[in-house]
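Structural description and commentary
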Amino acid sequence: MNFHPFFTCILLPIFFFGCAHPSSQPALKKHTQIGEFFGSVVQVDVCYGEREEDRVRQALAGVWDRFEDIHGRMSVYDPKSDMNKVNGSYPEPVAVGADTYGLIRDAVGYHGLSQGVFDITVYPLIAVWKESGKKNVLPTAEELAGARKAVGVKNVELLPGNRIRLLSPATKLSIDSIGDGYAADEAARILRSHGFTHFLVDASGELVAGGRNCEGRRWRIGVRDPQDKTKLIDVLDLENAATSTSGSYERYYEINGVRWPHIINPVTGYPGRGVLSATVVAPTGQFADFWSTALCLLDPEQGIAMTDAMGEGFAAMVIVDRGEGKIIKKASRNYARYSSRR
């Protein structure tokens, strides 16, 4: 089944392999299921013991059902989704599912945490840049100013009873930049509810590592080099953690021979430039998804300092383009404990 992608900040290919640091955990069998959801490949690996085959299948059936439910209600590409109910409801409030409401509420909170660069109302600006790309003409100041009037969480009112009201007719919501991470978290929740603690969920590039791999070692996650997809720029060793890598170099608007990254900064109205990729480790896939997107737009020094202030369980590495093929890496204080190339 082919679904459209949730993400707006492109997810660089991350993959898992190998092993690291053995433990006393006995070796377990591995069951892998792969499906096409969210416009990309979703893979779930579950480690299990003897006589647990049926329970694994039941757990995974619940995971795939939940993925379909999330897509059907939270994707802007499904005309019957909660998101489209909201986007077509102005000026009246509309009730949505409790989980949809919770995700929108979280996204509104992330706006402040990111100092305004993460904004679920950014679509009007994206539409302007898409149209400019088609015409091969830079958007005018007037076009950007008009779109920016509809952008901002000030145009979103959260009401009791899981109701949302938009305060501008041109405001449109999208939870693209946290939807995949949320889906990975939901898969992890379902697997744990069935008693499985060792697993890896890869939801379109948002990974949640539960426990250790089936050989009793930490899960190893390869992060591709944003300048050469045939190489790795790092390898992460994860246990009960999530990771996301976002980047601004693969998808772009080409206008008059100049490539503009597709990630739009809602504060300026222009695409973010300079950050090639941002890799985040966090306790949840949803937060890793959000923060890797935000780091694509924040000043690198500021973004790393903000990551350090989050404390234990949070880490980040930002790859900054210095021009002429030169890059520099900026890593948070906690990043080295997850990197196998420290």
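Note that the structure is predicted; figures quoted are calculated from it, not measured.

A covalent bond between the sulfur atoms of two cysteines is referred to as a disulfide. Summed over all chains, the structure comprises one disulfide. In this model, Cys 47 is linked to Cys 214 through a disulfide, with the two sulfur atoms separated by 2.1 Å. Here the disulfide of Cys 47 and Cys 214 is left-handed, its torsion about the S-S bond being about -90°. Placement of Cys 47 in strand β3 (residues 40-48) and of Cys 214 in the loop between β8 (206-210) and β9 (219-225) is noted, with a sequence separation of 167 residues between them.

Attention now goes to the packing of aromatic side chains. What the rule picks out here adds up to 13 aromatic pairs. Consider the rings of Trp 64 and Phe 67, whose centres lie 5.4 Å apart with planes at 65°: the pair is edge-to-face. Residue Trp 64 and its partner Phe 67 are both found in helix α1 (residues 53-74); the two are separated by three residues, about one turn of the helix. Just as Trp 64 is buried, Phe 67 falls in that class too. Through a chain of ring-to-ring contacts, the aromatic side chains of Tyr 110, Phe 118, Phe 287, Phe 290, Trp 291 and Phe 314 assemble into a single cluster. Sitting over the ring of Phe 196, Arg 55 keeps its end group 4.5 Å from the ring centre.

When we look at burial in helix α8 (residues 300-309), the residues that qualify are Pro 300, Gly 303, Ile 304, Met 306, Thr 307 and Asp 308. The inward-facing, buried residues of α8 contact α3 (98-113), β14 (275-282), α7 (285-295), β15 (315-323) and β16 (326-331). Within two residues after α8, Gly 311 carries a phi angle of roughly 90°, on the positive side.

Looking at chain direction, β9 and strand β10 (residues 228-238) are connected through seven bridges and run antiparallel. By the bridge assignment, Val 223 is partnered in β10 with Asp 234. Hairpin connection, β9 to β10: the antiparallel pair is bridged by two residues.

Pairing in this open sheet of eight strands is antiparallel, and the strands run β2-β3-β7-β8-β11-β14-β15-β16 from one edge to the other. The outermost strands of the open sheet, each flanked by one partner alone, are β2 (29-37) and β16. Each adjacent strand pair in this sheet contributes to an overall mean axis angle of 10°, direction not counted. Sheet topology note: the β3/strand β7 (residues 199-203) ladder contains five bridges and is antiparallel. For Val 44, the partnering residue across the bridge sits in β7 and is Val 201. The strands touched by helix α6 (residues 176-193) are β3, β7 and β8; relative to β7, the strand with the most contacts, the crossing angle is about 155°. The strands touched by α8 are β14, β15 and β16; relative to β15, the strand with the most contacts, the crossing angle is about 175°.

Let us look at the side chain of His 198. Along the chain, the position of His 198 falls in the loop between α6 and β7. For His 198, the side chain forms a polar contact with the main-chain nitrogen of Arg 212, separated by 2.9 Å.

Pairs can form between side chains of opposite charge whenever their charged atoms are close. The final tally for this structure, using the stated rule, is 21 salt bridges. Its salt-bridge partner being Glu 53, residue Lys 29 comes within 3.6 Å of it at the nearest N-O pair. Residue Lys 29 is located in strand β2, and its partner Glu 53 is located in helix α1; the two are separated by 24 residues in the primary sequence. Its relative accessible area of 34% is what places Lys 29 among the partly exposed residues. Here Arg 73 and Asp 82 are joined by a salt bridge, their closest N and O atoms 3.3 Å apart. Here the salt bridges share partners, and the residues they tie into one network are Arg 66, Asp 69, Arg 73, Asp 82, Lys 85, Asp 99, Glu 186 and Arg 189.

Here we take up the confidence of the model for the protein. A residue-level look at the protein finds 91% of positions with pLDDT of 70 or above and a mean pLDDT of 90. Predicted confidence is poor over residues 1-16, with pLDDT under 50, and the contacts of this stretch with residues over four places away or in other chains come to 80 contacts.

The omega torsion of the bond from Tyr 90 to Pro 91 falls at 5°, within 30 degrees of zero and hence cis. Here Pro 91 is to be found in the loop between α2 (82-87) and β4 (94-95). Look at Gln 115: it is not a glycine, yet its phi comes out positive at around 60°. Along the chain, the position of Gln 115 falls in the loop between α3 and α4 (123-135). A positive phi is found at Ser 204, a non-glycine position, where the angle reads about 55°. Relative to the helices and strands, Ser 204 resides in the loop between β7 and β8.

Thresholds applied
- Each chain carries its own residue numbering, running from 1 in the direction its sequence is written.
- Reporting of local features is limited, given that this is a predicted model, to residues whose pLDDT is at least 70; pairs of side-chain atoms are given and counted only at 80 or more, and all residues count toward the totals for whole chains, interfaces and linings.
- Processing note: side-chain calculations cover all non-hydrogen atoms of the structure and skip hydrogens and water entirely.
- Any cysteine sulfur atom paired with another within 2.5 Å is treated as part of a disulfide.
- Numbered from the N terminus, helices here are DSSP runs of H or I no shorter than four residues, and strands are runs of E no shorter than two.
- Here is the rule: rings of Phe, Tyr and Trp (six-membered ring for Trp) pair when centre to centre is within 6.5 Å. Planes less than 30 degrees apart are stacked, more than 60 are edge-to-face, and the remainder are tilted.
- Burial classes follow relative accessibility: with a 1.4 Å probe on protein chains only, a residue under 20% of its type's maximum area counts as buried, one over 50% as exposed, and anything between as partly exposed.
- Whether a charge lies above a ring is judged from NZ of Lys or CZ of Arg, which has to be within 6 Å of the ring centre and within 35 degrees of the ring normal.
- Working rule for contacts: check all heavy atoms of both residues, and any pair within 4.5 Å makes them a contact.
- A pair of strands is considered paired only if DSSP assigns at least 2 bridges between the two.
- Lines are fitted to the C-alpha atoms to define the axes, a helix being fitted only along its stretch in contact, and any angle between axes, read from their N-to-C directions, falls within 0 to 180 degrees.
- The term polar contact refers here to a pair of N or O atoms within 3.5 Å; inside protein, the definition further demands a hydrogen-donor-capable atom paired with an acceptor-capable atom, and it admits residues adjacent in sequence only when both atoms are side-chain atoms.
- A carboxyl oxygen of Asp or Glu within 4 Å of a side-chain nitrogen of Lys or Arg is what we treat as a salt bridge.
- pLDDT: the predictor's confidence for each residue, scored from 0 to 100.

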